[in-house]
Amino acid sequence: RKMDFEKLEKKGVDLTKKIGIARYGKLYRGDKAKFAKQFGLAGLIIYMDAADYSPKGVTPMPDGPGLPDTGIQRGALKDADGDPSTYLYPSSKYAYHASEEEYKSLLPGIITMPISFRNALPLLRDIAGDEVFQSNDSNTNWQGAGSAEVPVYRYGPGFKADSNFKKLRISVNLEYKLVEIEDIFGVLKGSQEPDRWVMIGNHRDTWVYGAVDATTGLAVLNELGHGLKKLRETGWKPRRTIVFASWAAEEQGIIGSTEFVEDYITLLQEKMVAYVNVDVAASGNLNFSPAATPNFRPLLERATKRAGCSSVPDCKGDTFYDQWKTTSN
C-alpha cells in the first residue's frame, strides 16, 4: 500500500534504486508495482506469505486447503483493462495499435518477480535493519508467518553482515507481441423479448491448470448451456434471449471481455438487461458468497430458497438460502 512505502520513508529507509520484497494481499498486485516505481525502487519481488495463505492449523494442499510453501501467484500488473495498445477503443487488426513506448504508461515500468514463500524465507532471514512493526491488527501488522530460522522480519535496506547475500539481481524475460484472441458465444433466442439480452459469461484461459479459476466457472457455463438445450428440445423457450460468452485472455488483463464491450457498447446499452459472471463459481467450503448489484438480491433469495441442500454434507438447513443466511457476515 502507498501508506506502507510512506512509512518506510518516515523511518529513513532509502528506497532509491533498491529491490523491494512485498507480500501479496490488501490490494491489487499491479498497484504494489506502481507504488514501488513511484517511490524509486528499481525492482520488486512479491511472495505469498504463509500467514495469509496457509496459517497455523491449516493443512496445505494436497491434504488441505492451504497453499504449499512452493506456491507462486502469477498475474497481470497493468493499470487498465483491455488491450493497452488500443486503450479505450476496440482492438482489431484494422485498428491503430500504439507502440510499446506509447502505451508504457499503462504498465508498471518496474521489473517485478513473483516467488514462493519457500524462496522468500532466505531473503527475509538475511535482510538487515530494524524489526518490523507487529500488531494484532492485520492492517498495521508487518510480521508474517516466518519460520524457526526467521522469527522476525526486518525493514532493510541491505543484508546482514554475516549474510551470504551481497547483492540481489532480478532477471525477467518478457516478449511483447500482438496475438489474436477469440471470444466464443452461444445464443438461445427469446420468444417474447428477443431483443432483450441476459448474458452469462466466464473466461476460459487460466494460469497453469486453473482448477478453480477459471475451470469451475467454465463447467457451470457449459452445464447450464447443456441443461437449457435439453429444455429447448422439449419446446421450452426463454422469454428473453440468453447469450453465453466465453472470454479469452482474461488473465492478461481482462482483455477479451473489455474489447467486446468497447466494440459493441451501443448495442449492449440498447439490449443488455443483465450480466451474470460465473468466474470462480466454486471453491473452498459450502459458504455461498454472491456479489451483485442490489436489484439482484430478490432473485438470489428466490433461487436459493428453491435449491435444496439437505442431502449435502455440512449444509446448515434445508436450502442453500438457509446455508447462505447462516454463514453470511
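Preceding this paragraph is the structure being described.
This report concerns the structure included in the present document. Everything quoted here is computed from the prediction, not taken from an experiment. In this numbering scheme, every chain counts its residues from 1 along its sequence in written order. pLDDT decides what is reported in this predicted model: residues at 70 or higher carry local features, side-chain atom pairs at 80 or more are listed and counted, and totals for whole chains, interfaces and linings draw on all residues regardless. Only heavy atoms go into the side-chain values, all of them from the structure, while hydrogens and water stay out.

## Remarks on the pattern of salt bridges
What counts is decided by this rule: A pair is scored as a salt bridge if a Lys or Arg side-chain nitrogen falls within 4 Å of a carboxyl oxygen belonging to Asp or Glu. Secondary structure counts use DSSP, requiring at least four H or I residues in a row for a helix and at least two E residues in a row for a strand, with both numbered from the N terminus. Note on exposure labels: buried denotes an accessible area under 20% of the residue type's maximum, exposed denotes more than 50%, and partly exposed covers the range between, all computed with a 1.4 Å probe on protein chains only.
Following the criterion strictly, the structure yields 16 salt bridges and no others. For the salt bridge of Glu149 with Arg125, the shortest nitrogen-to-oxygen distance reads 3.6 Å. Here the residue Glu149 occupies a position in the loop between helix 5 (117-126) and strand 4 (184-188), and Arg125 occupies one in helix 5, the gap between them amounting to 24 residues. By relative accessible area, which is 59% here, Glu149 ends up exposed.

## Things to note about helix 5
Rules: What makes two residues a contact is simply this: any of their non-hydrogen atoms within 4.5 Å.
Where helix 5 is concerned, the buried positions are Phe117, Ala120, Leu121, Leu123, Leu124 and Asp126. Elements that come into contact with the buried residues of helix 5 comprise strand 1 (19-23), strand 2 (43-47), helix 3 (50-53) and strand 3 (111-115).

## Here's the deal with the sheet that holds strand 3
Definition in use: Here the rule is simple: two strands pair whenever DSSP picks up at least two bridges between them. Each axis is a line fitted through C-alpha atoms, and for a helix only the stretch in contact is used; angles between axes span 0 to 180 degrees, taken between their N-to-C directions.
Sheet architecture is open: 3 strands sit in the order 1-2-3, paired in parallel fashion. Each end of this open sheet is capped by a strand with a single partner; those strands are strand 1 and strand 3. This sheet shows a mean twist of 20 degrees between the axes of neighbouring strands, independent of strand direction. Here strand 2 runs beside strand 3; their pairing, made up of 5 bridges, is parallel.

## Describing the state of the cysteines
To keep things clear, this is the line we draw: Any pair of cysteine sulfurs within 2.5 Å is marked as a disulfide.
One pass over the full model with this rule turns up 1 disulfide. Across the disulfide from Cys309 sits Cys315; the S-S distance is 1.7 Å. Across the pair, exposure class does not vary: Cys309 and Cys315 are buried alike.

## Some thoughts on the packing of aromatic side chains
Here is the rule: Two rings from Phe, Tyr or Trp (for Trp, the six-membered ring) form a pair when their centres are within 6.5 Å of each other. A pair whose planes differ by under 30 degrees is stacked, one over 60 is edge-to-face, and the rest are tilted.
The final tally for this structure, using the stated rule, is 10 aromatic pairs. Where Phe260 meets Tyr264, the ring centres are 5.1 Å apart and the plane angle is 40 degrees; that geometry is what we call tilted. Of this pair, Phe260 and Tyr264 both sit in helix 7 (residues 255-271), 4 residues apart, which is roughly one turn of that helix. Classification of Phe260 by relative accessible area gives buried; the value is 13%. Given a relative accessible area of 40%, Tyr264 falls into the partly exposed group. Put simply, the rings of Phe185, Trp247, Phe260 and Tyr264 touch in pairs and so form one group of aromatic residues.

## Some points on helix 6 (residues 215-233)
Put simply, the rule reads: One less than the number of residues in a helix, times 1.5 Å, gives the span that helix is expected to have. What the arc covers is the set of directions going from the helix axis to the C-beta atoms.
For helix 6, which comprises 19 residues, the first-to-last C-alpha distance of 27 Å matches the rise-based estimate of 27 Å (1.5 Å per residue) to within 8%. Within the sequence span of helix 6, burial applies to Thr216, Gly217, Leu221 and Leu228. End-on view of helix 6: buried residues confined to an arc of 135 degrees, all on one side of the axis. Turned more than 90 degrees off the buried face of helix 6, the exposed positions are Glu223, Lys230 and Glu233. The elements touched by buried residues of helix 6 are strand 4, strand 5 (193-203) and strand 6 (240-247). Positive phi shows up at Gly235, right after helix 6, with a value of about 105 degrees.

## Quick look at a nonpolar patch on the surface
Keep this limit in mind: Each patch is built from residues lacking any salt bridge and having more than 30% relative accessible area; the joining distance is 9 Å for like charges and 5 Å for nonpolar side chains (Val, Leu, Ile, Met, Phe, Trp, Tyr). Under the convention used here, a 1.4 Å probe and the Shrake-Rupley method define accessible areas, while residue burial counts only the protein chains that appear.
Taken together, the side chains of Ile111, Val172, Leu174 and Tyr176 define a hydrophobic patch exposed on the protein surface, amounting to about 380 Å² of accessible area. Positionally, Ile111 belongs in strand 3. We classify Ile111 as partly exposed; its relative accessible area is 40%.

## Some remarks on the sheet that holds strand 5
The 4 strands lie next to each other as 4-6-5-7, forming an open sheet whose pairing is mixed. Of all strands in the sheet, those bounded by a partner on one side alone are strand 4 and strand 7 (272-277). The mean inter-strand angle of the sheet, taken between neighbouring strand axes irrespective of direction, is 20 degrees. Bridging between strand 5 and strand 7 involves 5 bridges; their strand directions are parallel. The partner of Met199 across the bridge, within strand 7, is Tyr275. Running at roughly 160 degrees to strand 5, helix 7 makes contact with strand 4, strand 5, strand 6 and strand 7 of the sheet.

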